[in-house]
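Now for the letters of each chain:
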There are 2 protein chains.
Amino acid sequence: MEKEHLFEETISSEQIYDGRVVKLYRDDVVLENGEKTIREVIKHPGGVCVLPLDSSGNIYMVRQFRYPFGEVLLEIPAGKKEPGEEPLECGMRELGEEIGASAKTYSFIGKLYPTVAYDTEIIWMFLAQGLTFSGGQHLDAEEFVDVVKMPFEQAYKMVLDGEIPDAKTQLAILRAKTMMEKEKK
Amino acid sequence: MEKEHLFEETISSEQIYDGRVVKLYRDDVVLENGEKTIREVIKHPGGVCVLPLDSSGNIYMVRQFRYPFGEVLLEIPAGKKEPGEEPLECGMRELGEEIGASAKTYSFIGKLYPTVAYDTEIIWMFLAQGLTFSGGQHLDAEEFVDVVKMPFEQAYKMVLDGEIPDAKTQLAILRAKTMMEKEKK
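Rules used throughout
Residues numbered from 1 in each chain as written. Chains lettered and ligands numbered in written order. Predicted model: local features only at pLDDT ≥ 70, side-chain atom pairs only at ≥ 80, totals over all residues. Helix = DSSP H or I, 4+ residues; strand = E, 2+ residues; numbered from the N terminus. Buried ≥ 20, exposed ≤ 12 C-beta atoms within 10 Å, placed from the backbone. Contact = placed C-beta atoms within 7 Å. Nonpolar A, V, L, I, M, F, W, Y, C, P; charged D, E, K, R; others polar. Domains from an automatic or database assignment.

Digging into the overall build of chain A
- On a plain count of helices and strands, chain A comes out with 3 helices and 10 strands.
- Tracing chain A from N to C terminus, the helices and strands come up as β-β-β-β-β-β-β-α-β-β-β-α-α.
- A principal-axis box enclosing the C-alpha atoms of chain A has dimensions of 60 × 45 × 30 Å.
- Expressed as a percentage of its 185 residues, the buried residues of chain A come to 38%.

Right, here's the structure in full:
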């Protein structure tokens, strides 16, 4: 392979906004042709989503009002990583908080960069099996969700029919489907 | 279905930052329990990605330095919608700009909300077939990409092996794979 020419170098970085969810930076950078420009970057601690699948082939999702869209969306349980938290640890915590469950096994099924142009967010995806429902949700203040149980195959069809726009939920379901098909063979 | 209780209402909206890519707002909102809180929202015009597939089963991607990650990523051609631009129109433009191609047919293969918690971005996905390579790229200033051609099946395997972290690229390839499997039957 030829020497990598694709790069940008940071000259300086300025924090524009330090919010509860969004930390915004504006950096001066040098491009590969020597020209200067600015890059706006959202710094995000990363998140984790968990697809909980029970022994009857049902999955558990949450319906939640998503303010940027003004819509109630169907998503698998997910949340932001706390400082220093490992992805798996975060996934276990979110599964407990959002649907009141724990799982015997967690299988890593991939990660995604949702917004590569201007956001550092990474989302790790896990399939959770061997579910135990221990004692209800314990949501964050300001978090309101309804739990929805449905057959995995129905959710898979909803993804293909465009009824689940959330990227992490689509990907986790499609990746899990691929794994299941492979195991059948 | 019971009456929808999941909602949040905007009291006021303040623009915090009006950048080149990122427009950040901080809104005061009322939650369903009557409590007030703030929601930080990135407003984004939306984007389009195109999976270009030729008659020999090859696809065309671009390698591009992505500043938030400090990594060169492999992605299908994509870009932001211009004001008033339709998704298909944007996809045709980006296909021309990034890989110098036009296509006979564009099939809509779904849309995704990459970052539902704090960003209004929507990405539309198209499969482009019947490709004509007309005359090279004409990239935006400050845009540097290398075009990569590879068999669709190789890219599909890379998605499953976790070698393509970009969400839109993963989803477009998985959705296209599902379509192709269905057509085979």
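Okay, back to it.
Examining the interface of chain B and chain A
- The interface is formed by 54 residues belonging to chain B together with 54 residues belonging to chain A.
- The class makeup of the residues in the side of chain B that touches chain A is 29 nonpolar, 9 polar and 16 charged.

Here's the deal with the domain arrangement of chain A
- When the domains of chain A are assigned, the result is domain 1 (9-43) and domain 2 (47-184).
- Its C-alpha centre places domain 1 of chain A at a distance of 31 Å from the equivalent point of domain 2 of chain A.

Re the environment of A:Pro87
Residues and elements named next belong to chain A.
- Looking at the element boundaries, Pro 87 is found in helix H1 (residues 87-99).
- Residue Pro 87 is classed as buried on the basis of its 20 C-beta neighbours within 10 Å.
- As a C-alpha pair, Pro 87 and Phe 108 span 21 residues in sequence and 9.7 Å in three-dimensional space.

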